[in-house]
Amino acid sequence: MTLGAIGLILLSLLLSAVSAPPLAAFLPVAAKGAMVVTSEPFASEAGVQILKQGGNAVDAAVAVGFALAVTHPFAGNIGGGGFMVIHLANGRNTVIDYREEAPEKATRDMYLDGQGAIIPKASTVGSLSVGVPGTVAGLAMAESEYGKLGLRTVLEPAIKLALDGFPVSHALSESLRHYSPLLSRFDQSRRIYLRNGNYYRAGEIFKQPELAATLELIAQQGPGAFYDGIIARKIVATMKQYDGLITLADLRNYRAIERKPLTGHFRGNEIVTVPPPSSGGVALIEMLNILEPLNLGPPDAYHSIHLMTEAMRRAYADRSRYLGDTDFVSVPVAGLLSKAYAANLRAAILASPPDSPIDAGNPMPFEGPDTTHFSIVDAAGDAVSNTYTLNGGYGSGITVKGAGFLLNNEMDDFTSKPGSPNMYGLIQSEANAIAPHKRPLSCMTPTIVLRHGTVRMVVGSPGGSTIMNTVLEVMLNVLVYKMDVLHAVTAPRFHDQWKPNALFLERGRFSADTIARLRQAGYTLRFLKSMGECEAITVNPKTGWRFGAADPRGSGEAVGY
Ligand code: DON
C-alpha cells in the first residue's frame, strides 16, 4: 500500500469521526418541569404551549389529540377513537374509553357473502368499515372532567395549524403518496390529501380550511356540534353518499365511557393500564405476571426472547378465546390477571419444550361482563398516556364532505368470521362478534407505571396486534434492564401472537447467534422491517427529572422544559 493510500484511509477515518453525530443525540430529552412526546413535532409543540399557558397534562393531551388530527392525518383524528389513561398527582387514576362503536344497523355477518366467505376489503375500506367515532366525545370528556383551561383554549393550536397551515414534512409527503391508492378512491380525500394528483412535497404549506371550520364549531358549541349538530349532519350525508350505516341516532347515542383502570404489580411497580374493550392491558399484565419472578438473563439474547415469547403466545391465545367488549360479553378478567393463573402458565412454560403447541388456558372464574400514541407528564406530576387511531393508515379512506376529516375503518377489529384472521392476522372468537353499539376489541395499551404512587414511566405505541408486546418490551428494558428511555425504545423488538405460529424479529437487529439458537430451539422465524412507534417518558424517582424519547422508527419529537 502506498503512503498516499494510507493517508487517504486515515483522512476518511478522521472525517467519519468528525461527522459522527454528537453523543447527545443518543440521550433522551431531559427536563425538570414537563415533557410531551408525540409522533409529530407540531403536535408536541402544541402540548408544550398549552402547558406553558397554565394547563395540566390533560389539557396538553387534549390539545395534542386535536393537533395530531391536523398534522398527522395518517392516525391522528377526530373521526376515530382510542383510550386515555390518566394519573393525577393527587393519586387518582382513571381511563377514558372513547373507542368507536358498531352502528345500530351493523350485523354479525355483515362482512360475509351468501356462501359465508369474507367479502374482501368490506371491513377495511369505505363506508361499511366505519365505526361511530369516539374521539371528540373522549377528548371533550377528558377536558371537562380533568382539564383546567376549557375546550376553546386547548383547541386553539389545532385550529391555527389547520387555518394557517404547516410545512409538510418529508415523512408526511411520503406517507400521503404511499397511501394514494386508498385516498384517491374517495373524491374529498383525493382533493384534500392528494391535491388531485399534484402531491404535496416536503416544505410546502398544507392548509385545511374545512377542518379548521369543523374544529372551530367544536370550540364554540362543544361536542354536540359533532354528535348532534352541523358536523353530525355532514357525517350522515357522507354515509348516505357511500351507502354507509351510520345514522344521526347512532351519533346522538354515542358516549365516551369513564372506566376503572386495570392495575397490576411488577417487581414493586404499579401498572395502571387500559381495560376491555382493549385487550392490551389484560395481555400486558398477564405477560408481566408470568415473567415477574423469572431471571430473564441479558436482553435480546436467546433465553430472554424464549421466555418472553412463550408468555406472549399464552396471552394472545387467551385474548383470542376470551376477550371482547365487557359491556356485551363475560370476560374472565380477574382470572386472567391473577398471579395464581400466571404461576400455572409459568410452570407449563418451564416444563415444556420451546414453541410447544398450546391453546387458551383456563383462567376461571368468569365475571360480568394505524394508530398513534402520546405520553405527557406535567410539572405537578399528572400524567396522560393516550393511544388513538383510525385503525389502518388514513382509516376507511373516506373524508367527510365539507368537514375535512377522515373516518376510521375500526369495524375490522371485530371478528368478521370466527377463526379467520383480521388485517393484523388476529384470530378472534364469538366474544368479539359484531353487534349494534358494541365496541370492537382493541390492542391499544396506553399505560402508566407508578412507583410509591408517583409516575415512573408513561408508555404506549401503535402497531395493531404487536402493541402490547412493544409496550412489554420497552417496559422491561426500563424496569428490568435499567436502560434509559431512549435506549429502551430504540432496542430491537420481537413479536409472537400465537397464531400464525411464527416469531417475528426486527430485521438486521439480532445477532446471528441469537437467531441460530432460536431456530435450533424450534421457533419459526419471520422478519419485520420495524415494529411499533413507542413514545415514552420516564421520571427519575430521586431527582424528579423527566426523560422523553420519541421512537426513532417514526418522526416524532420529545419536547420538555
Ligand atoms: O385497536 C387496535 O388494536 C387497532 N385498531 C390498532 C391499529 C394500529 O395500531 C395501526 N397502527 N399501526
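Please refer to the structure placed before this passage.
Computed from a predicted model, the values in this text were never measured in an experiment.

(A) How the structure looks around the site of the ligand. Surveying the vicinity of the ligand reveals 15 residues, the closest of which are Thr371, Glu410, Asp413, Cys443 and Gly464. Within the contact set of the ligand, an oxygen atom lies 3.0 Å away from a side-chain nitrogen or oxygen of Arg99. Interatomic distance of 2.6 Å between a backbone N/O atom of Cys443 and an oxygen atom of the ligand. Coverage of the ligand by the protein amounts to 93% of the 340 Å² it exposes when considered alone. Along the lines of polarity and charge, the residues of the shell around the ligand split into 5 nonpolar, 6 polar and 4 charged.

(B) Just the sheet that holds strand 9 (residues 269–273), in detail. A sheet is described by the order of its strands in space; here 7 strands give the open sequence 1-18-17-13-12-9-8, paired in antiparallel fashion. Two strands lie at the open edges of the sheet, namely strand 1 (29–31) and strand 8 (262–266), each paired on one side alone. Going across the sheet, the axis of each strand differs from the next one's by a mean of 25 degrees, ignoring polarity. The sheet strands contacting helix 17 (residues 467–479) are strand 8, strand 9, strand 12 (447–451), strand 13 (454–459) and strand 17 (535–539), and the helix crosses strand 13 at an angle near 140 degrees.

(C) Focus on the pattern of salt bridges. Across all of its chains, the model carries 25 salt bridges by this definition. As a salt-bridge pair, Lys339 and Glu292 come within 2.7 Å of each other at their nearest N and O atoms. Highlighted residues: Lys339 in helix 16 (residues 339–351) and Glu292 in the loop between helix 13 (280–291) and helix 14 (302–322), separated in sequence by 47 residues. Given a relative accessible area of 38%, Lys339 falls into the partly exposed group.

(D) How the structure looks around the environment of Gly508. Along the chain, the position of Gly508 falls in the loop between strand 15 (503–506) and helix 19 (512–521). Placed 16 residues apart in sequence, Gly508 and Pro492 show a C-alpha to C-alpha distance of 9.1 Å.

(E) Representation of the pairing of strand 13 in the model. Across the 6 residues that make up strand 13, a large majority, 5, are buried. When strand 12 meets strand 13, the two strands line up antiparallel, connected through 5 bridges. For Ile448, the partnering residue across the bridge sits in strand 13 and is Val458. Linkage of strand 12 to strand 13, two consecutive antiparallel strands, is achieved through a turn of 2 residues, within which His452 is found at a positive phi near 50 degrees. When strand 13 meets strand 17, the two strands line up antiparallel, connected through 2 bridges. Within the sheet, the bridge partner assigned to Val458 lies in strand 17 and is Ile537.

(F) Representation of unusual backbone geometry. Look at the link from Pro276 to Pro277: it is a cis peptide, with omega at 15 degrees. Mapping Pro277 onto the fold places it in the loop between strand 9 and helix 13. Lys499 connects to Pro500 through a cis peptide bond whose omega is 0 degrees. As for its position among the elements, Pro500 is in the loop between strand 14 (494–495) and strand 15. Even without glycine at this site, Lys121 takes up a positive phi of about 70 degrees. Note on placement: Lys121 falls in the loop between strand 4 (93–98) and helix 4 (135–146).

The rules behind the values
Residues numbered from 1 in each chain as written. Predicted model: local features only at pLDDT ≥ 70, side-chain atom pairs only at ≥ 80, totals over all residues. Heavy atoms only, no water. Near = heavy atom within 4 Å. Polar contact = N/O pair within 3.5 Å; in protein donor to acceptor, adjacent residues only side chain to side chain. Areas by Shrake-Rupley, 256 points an atom, 1.4 Å probe, with all protein chains shown as cover. Nonpolar A, V, L, I, M, F, W, Y, C, P; charged D, E, K, R; others polar. Pairing = 2+ DSSP bridges. Helix = DSSP H or I, 4+ residues; strand = E, 2+ residues; numbered from the N terminus. Axes fitted to C-alpha atoms, helices over the stretch in contact; angles between N-to-C directions. Contact = heavy atoms within 4.5 Å. Salt bridge = Lys/Arg side-chain N within 4 Å of Asp/Glu carboxyl O. Buried < 20%, exposed > 50% of the residue type's maximum accessible area, 1.4 Å probe, protein only.

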